[in-house]
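One-letter residues, chain by chain:
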Amino acid sequence: MMDSAKLRRRNRLMGVGVAGFVAGMVGLSFASVPLYRIFCQVTGYNGTVQVGGPAAPGAAEQVVTIRFNANTQPNLPWRFAPMQNATSLRVGEEGVAFYQAANQSRQPVTGVATYNVTPEVVGKYFHKTACFCFNEQTLAPGQEVDMPISFWVDPKMAEDPNTRDIRTITISYTFFRSLDDAERSGALANAGPHVGPATP
């Protein structure tokens, strides 16, 4: 039979191992969304756009239509819509567009936006250089604001057999009360990454 000292040591080692495993799983659960977003950003998977990097290289021949979509979480008392339905630009050319948000309640309300791009396969060719996404926006009662984004489409899209025939790209923004709400809805895992200031 095992003596009590060995049994205590064995139990202690097992307890440390179980605690380490639990701590690792908790850490992994917190890291899963950022890791998934990094994977999407690198690969363009799930319509995740490319951010930062070089400036728009200049207009090429192919013309694409960029459509703008807006959604608002039901418990956010905002009116949120694109100020233009669509715009056409040449690949490699910088584009600018505006969304508008208005607080329709009688108290200050904070919201935060996520976004994605469809068709998903063009994500790696869509570069967004400035936007309002992932920054908390607090609007006073009745306040209305214009929110700009700037972007360009990589001319390499025209060389890829999977994307060369695509002529329309849709960028969709959804405003939530918080990123926690976005995560609970599943929108955060599918969203593109933060790109910085809300001005182009």
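Everything here concerns the structure above.
Let me begin by describing the structure that accompanies this report. All figures in this text were calculated on a predicted structure; none of them were measured in a lab. Residues take numbers from 1 onward in each chain, read along the sequence in its written order. Only residues with pLDDT of at least 70 get local features here, since the model is predicted, and only at 80 or more are side-chain atom pairs given and counted; chain-wide, interface and lining totals rely on the full set of residues. Side-chain metrics rest on all non-hydrogen atoms present in the structure, leaving aside hydrogens and water.

## Observations regarding the overall build of the protein chain
Step number 1: Secondary structure summary: the protein chain contains 2 helices and 10 strands in total.
Step number 2: Along its sequence from the N terminus, the protein chain presents helices and strands in the succession α-β-β-β-β-β-β-β-β-β-β-α.
Step number 3: The contacts in the protein chain between residues at least 6 apart in sequence include a share of 78% that link residues at least 24 apart.
Step number 4: As displayed, the protein chain has an accessible area near 10,900 Å², and 55% of this comes from carbon and sulfur atoms. Put simply, DSSP H or I for four residues or longer makes a helix, DSSP E for two residues or longer makes a strand, and each gets a number counted from the N terminus. Contacts are residue-level and defined by heavy atoms, with any inter-residue pair within 4.5 Å sufficient. Here, Shrake-Rupley sampling with a 1.4 Å probe gives the accessible areas, and only protein chains in the shown set may cover a residue.

## Remarks on the pattern of salt bridges
Step number 1: Counted as salt bridges are all cases of a side-chain nitrogen of Lys or Arg within 4 Å of a carboxyl oxygen of Asp or Glu. For the structure on display, the rule yields 1 salt bridge.
Step number 2: For E144, the salt bridge identified is with R79, shortest N-O distance 2.7 Å. With a gap of 65 residues between them, E144 in strand 9 (residues 144–153) and R79 in strand 3 (residues 78–82) connect regions that are remote in the sequence.
Step number 3: Exposed residues in this analysis have more than 50% of their type's maximum accessible area, buried residues have under 20%, and partly exposed residues fall in between, with area computed by a 1.4 Å probe over protein chains only. Judged by relative accessible area, E144 falls into the partly exposed class, the value being 45%.
Step number 4: Judged by relative accessible area, R79 falls into the partly exposed class, the value being 38%.

## A word on the pairing of strand 5 (residues 95–103)
Step number 1: For strand 3 and strand 5, the ladder comprises 5 bridges, and the chain directions are antiparallel. Within strand 5, the residue paired with R79 across the bridge is A102. One requirement defines pairing of two strands: DSSP has to find at least two bridges between them.

## With respect to the packing of aromatic side chains
Step number 1: A pair of aromatic rings is counted whenever rings of Phe, Tyr or Trp (Trp by its six-membered ring) have centres within 6.5 Å, and the orientation is called stacked for planes under 30 degrees apart, edge-to-face for over 60 and tilted otherwise. In the structure shown here, the tally under the stated rule is 12 aromatic pairs.
Step number 2: Centre to centre, the rings of F126 and F151 are 5.6 Å apart; their planes meet at 15 degrees, and the pair counts as stacked. Residue F126 is found in strand 7 (residues 126–130), and its partner F151 is found in strand 9; the two are separated by 25 residues along the sequence. An identical accessibility class is assigned to F126 and F151; each is buried.
Step number 3: Ring centres 6.0 Å apart and planes at 5 degrees place the aromatic pair F132 and F175 in the stacked group. On the criterion of sequence distance, the pair formed by F132 in the loop between strand 7 and strand 8 (137–139) and F175 in strand 10 (residues 168–176) is long-range, its members being 43 residues apart.

## Considerations on a nonpolar patch on the surface
Step number 1: Taken together, M83, V96 and F98 make up a surface patch of nonpolar side chains, about 260 Å² in accessible area.
Step number 2: Here F98 lies in strand 5. Put simply, a patch holds well-exposed residues, over 30% relative accessible area, that have no salt bridge, with like charges counted together within 9 Å and Val, Leu, Ile, Met, Phe, Trp or Tyr side chains within 5 Å.

## As for the sheet that holds strand 2 (residues 63–72)
Across a sheet, strands are paired by hydrogen bonds formed along the backbone, either parallel or antiparallel in direction.
Step number 1: Taken together, 5 strands build an open sheet; the order of strands is 4-2-10-6-8 and the sheet is mixed. Only two strands of the sheet have a single neighbouring strand rather than two, namely strand 4 (86–90) and strand 8. Pairs of neighbouring strands in the sheet enclose a mean axial angle of 30 degrees, with direction left out of account. Lines fitted to the C-alpha atoms define the axes, with helices restricted to the stretch that makes contact. Angles between their N-to-C directions range from 0 to 180 degrees.

## Let's talk about the side chain of Q62
Step number 1: When you line up the elements, Q62 lands in the loop between strand 1 (50–51) and strand 2.
Step number 2: A distance of 3.4 Å separates the side chain of Q62 from the backbone oxygen of I166, its partner in a polar contact.
Step number 3: The residues touching Q62, leaving out its near neighbours within four places in the chain, are L89, R90, V91, M157, A158, R164, I166 and R167. We call two N or O atoms a polar contact when they sit within 3.5 Å, provided that within protein one can donate a hydrogen and the other can accept it, with sequence-adjacent residues counted only if both atoms are side-chain atoms.

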